[in-house]
Amino acid sequence: MSHQILLRNARIFNGKKMLEESLSVLIEGSMISTIAPDQHFADYRGEQYNLSGKTLLPGLIDCHVHLCYTASGDPSADGHKMGHSQLTLTALKNAQATLRGGVTAVRDCGGRDYMEFGVRDAINKGEFEGPTIYASGKIICMTGGHGHSHGRIADGVEDVRKAVREQIHAGCDLVKIMATGGVMTPGVNPEDAHYSAEEMASGVHEAKRFNRRTASHAQGTEGILNAINAGIDSIEHGIFLDEECIEKMLAAGTYVVPTFAALHNILNIPENYDGPKIPDFILDKCRRVERAHRASIQAFYKAGGKFAMGTDAGTPHNKHGSNADELRLMCANGMTNLDALRISTFNGADLMGLEGHGLIESSYAADILVVDGNPAADIEMVADCANHSMVIKAGRIIS
């Protein structure tokens, strides 16, 4: 018989809603077996934990991380100093910190020379502890485009198509295409569309032809529209959404992954920080786009748009393991606590295509976060890792 764990008398957020009564959850092996009132398990004598006063929810899902990034003030300089062995170990260390922080699945939205693929494979096979990882491989960008120092540069419809094929050949789980400029690349503007509509459509079509999900770094309005019209699955950041963007995303069911933590951590540097300085061009662009970003996300939320949680963890001062901070930021920007919980669990699994995850239901993966109190009333119960009382991955208690 598989190893069993019984979690007793918990308040349960099942990934979509808060259940009305306290229930007990039996885990068998790596799966959730039975969810029932506690009296159903009156004769159970195995490993068990009383969770009265606590809330049990699916493990958090972060749909935008960079496992090879160090959260340094100047991550580009940091990355260029590291060889392949250091990048691999960095990715593993960051993945394990992420799991301890309550996140049981992530999308890596841009790595370095496929070093993160080895970490993904080892963790997904159970050789190391860590979250389930889906990885995009190299970002695909135009000459001089956002991320060109470490991405796959491709220009023109045929070259973009070839770049997608290269990521698939390397073993990617999703394809990430850079639709616009960005904050952290010198000499580019977030507002500018980079790929043409035709180039974007070529890349997305090729990814979908081989059953890969797609994500687009998309900040400026024209580039966002190019990505939406191409059939992209998710818009990352979504800084300059207009009414046309919102209407088209609602019609297509396009997700937005806001990554509030990325701007927040750049613009709120700890007073006692004495590490590498964030370059001025990054700070200047962040200040310029912060208000537009907040307004865009709030408008899409009010319109009933689909969100998944993402942090951009690894960018300056945006530490792996502190991913849950994003829930606090989502609520500070107008989202309800229950919506933030839903966005950070079930919606993430839906966007990733991660079947059998993101819900507390029988026959689903036993990827579970247990927190103190009631996060529907106080989001800090999830957002502050000090309030996490248990992290379970594939039926194993991690912390």
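What counts as what
- Residues numbered from 1 in each chain as written.
- Predicted model: local features only at pLDDT ≥ 70, side-chain atom pairs only at ≥ 80, totals over all residues.
- Heavy atoms only, no water.
- Helix = DSSP H or I, 4+ residues; strand = E, 2+ residues; numbered from the N terminus.
- Rg over C-alpha atoms; globule rule 2.2 N^0.38 Å.
- Buried < 20%, exposed > 50% of the residue type's maximum accessible area, 1.4 Å probe, protein only.
- Areas by Shrake-Rupley, 256 points an atom, 1.4 Å probe, with all protein chains shown as cover.
- Lys, Arg positive; Asp, Glu negative; His and termini not counted.
- Charge placed at Lys NZ, Arg CZ, Asp CG, Glu CD.
- Salt bridge = Lys/Arg side-chain N within 4 Å of Asp/Glu carboxyl O.
- Phe/Tyr/Trp six-rings, centres within 6.5 Å; stacked < 30°, edge-to-face > 60°.
- Lys NZ or Arg CZ within 6 Å of the ring centre and 35° of its normal.
- Core = buried A, V, L, I, M, F, W, Y, C linked by side-chain atoms within 4.5 Å.
- Contact = heavy atoms within 4.5 Å.
- pLDDT = per-residue confidence, 0-100.
- Pairing = 2+ DSSP bridges.
- Axes fitted to C-alpha atoms, helices over the stretch in contact; angles between N-to-C directions.
- Parallel < 35°, antiparallel > 145°, perpendicular 65-115°, else oblique.
- Left-handed = near helix turned anticlockwise from the far one by under 90°.
- Nonpolar A, V, L, I, M, F, W, Y, C, P; charged D, E, K, R; others polar.
- Polar contact = N/O pair within 3.5 Å; in protein donor to acceptor, adjacent residues only side chain to side chain.
- Disulfide = S-S within 2.5 Å.

Draft legend 1. Broad picture of the overall build of the protein chain. Looking only at helices and strands, the protein chain has 13 helices and 18 strands in total. In terms of overall size, the protein chain behaves like a compact globule, its C-alpha atoms giving a radius of gyration of 21 Å where 399 residues would be expected to give roughly 21 Å. Overall size of the protein chain, expressed as C-alpha extent along the three principal axes, is 65 × 50 × 45 Å. Here the protein chain holds 399 residues, and the buried ones make up 57% of them. Total accessible area on the protein chain is roughly 15500 Å²; 48% of this is exposed by carbon and sulfur atoms. Taking the average location of the 37 positive side-chain charges in the protein chain and that of its 49 negative ones, the two points are 2 Å from each other.

Draft legend 2. View of the pattern of salt bridges. Using the criterion set out here, one finds 23 salt bridges in the structure. The partner of E206 in a salt bridge is R161, with the nearest N and O atoms 3.7 Å apart. Highlighted residues: E206 in helix α5 (residues 197-209) and R161 in helix α4 (residues 157-170), separated in sequence by 45 residues. Summarising the burial analysis for this pair, E206 and R161 share the class buried.

Draft legend 3. How the structure looks around the packing of aromatic side chains. Applying the stated criterion across every chain yields a total of three aromatic pairs. Every member of this aromatic cluster is reached through a ring pair, and the members are F300, Y301 and F307. Lying over the aromatic face of F346, K16 brings its terminal NZ or CZ to 4.6 Å of the ring centre. Its end group placed over the ring of F117, R120 keeps NZ or CZ at 4.3 Å from the ring centre.

Draft legend 4. Highlighting the nonpolar core. Judged by nonpolar contacts, the single largest core of 73 residues is most densely connected at L60, I235 and L327. In this structure L327 touches L60, M309, A340, L341, S344, I379 and V382, once residues within four positions along its chain are discounted.

Draft legend 5. Quick look at the environment of C245. Mapped onto the elements, C245 comes out in helix α7 (residues 243-252). In this structure, the C-alpha to C-alpha distance between C245 and S389, residues 144 residues apart in sequence, is 41 Å. Once you skip the residues sitting within four places of it in the chain, C245 turns out to touch T221, I224, L225 and I228.

Draft legend 6. Focus on the confidence of the model for the protein chain. Per-residue pLDDT for the protein chain averages 96, and the proportion of residues at 70 or more is 99%. When pLDDT is averaged over each helix and strand of the protein chain, the minimum, 73, is found for helix α1 (residues 75-81) and the maximum, 99, for strand β6 (residues 60-65).

Draft legend 7. The arrangement of the sheet that holds β6 in detail. Across the sheet, which stays open at both edges, the three strands sit in the order β6-β7-β8 with parallel pairing between neighbours. Among the strands making up the open sheet, the edge pair consists of β6 and β8 (132-135). The mean inter-strand angle of the sheet, taken between neighbouring strand axes irrespective of direction, is 15°. With four bridges joining them, β6 and strand β7 (residues 103-108) adopt parallel strand pairing. By the bridge assignment, D62 is partnered in β7 with V106.

Draft legend 8. Looking closely at the packing of α5 against helix α6 (residues 221-230). Where α5 meets α6, the axes come as close as 8 Å, and the angle between the chain directions of the two elements is 40°. Here α5 is positioned oblique relative to α6, judged by the angle of their axes. Relative to α6, α5 is oriented so that their crossing is right-handed. On α6, the residues that touch A197, M200, A201 and V204 of α5 are N226, A227 and A230. Within the contact of α5 with α6, the residues separate by chemical class into six nonpolar, one polar and no charged.

Draft legend 9. Region of the structure containing the side chain of D312. For D312, the position within the fold is in the loop between β15 (306-307) and α10 (325-332). An unpaired buried charge is present at D312: no salt bridge exists, and K176, the closest side chain of opposite charge, is 5.8 Å distant. In terms of polar contacts, D312 uses its side chain to reach the side chain of H66, at 3.0 Å. Residues contacting D312, with those up to four places away along its chain left out, are H64, H66, H237, T259, A262 and N318.

Draft legend 10. Local environment of the environment of L19. With respect to the helices, strands and loops of the structure, L19 is situated in the loop between β1 (4-12) and β2 (23-28). In this structure L19 comes out as partly exposed when scored by relative accessible area, which is 24%. Setting aside its immediate chain neighbours within four residues, L19 contacts I12 and N14.

Draft legend 11. Broad picture of the state of the cysteines. The full count for this structure, using the stated rule, is zero disulfides. Summary of cysteine pairing: C245 is not part of a disulfide, and the nearest cysteine sulfur, belonging to C109, is at 19 Å. With no disulfide of its own, C331 lies closest to C385 among cysteine sulfurs, the gap being 15 Å.

Draft legend 12. Structural context of the environment of G310. Positionally, G310 belongs in the loop between β15 and α10. Expressed as a C-alpha distance, the spacing of G310 and N265, which sit 45 residues apart in the sequence, is 14 Å. Those residues in contact with G310 that lie beyond four places of it in its chain are D62, C63, H64, V257, T259, F260 and E326.

Draft legend 13. Focus on α6. Burial analysis of α6 places seven of its ten residues in the buried class, which makes it a mostly covered element. Listing the buried residues of α6 in full gives G223, I224, L225, N226, A227, I228 and A230. The secondary structure elements touched by the buried residues of α6 are α5, β12 (213-218), β13 (234-237) and α7. The first or second residue beyond α6 is G231, which carries a positive phi of 95°.

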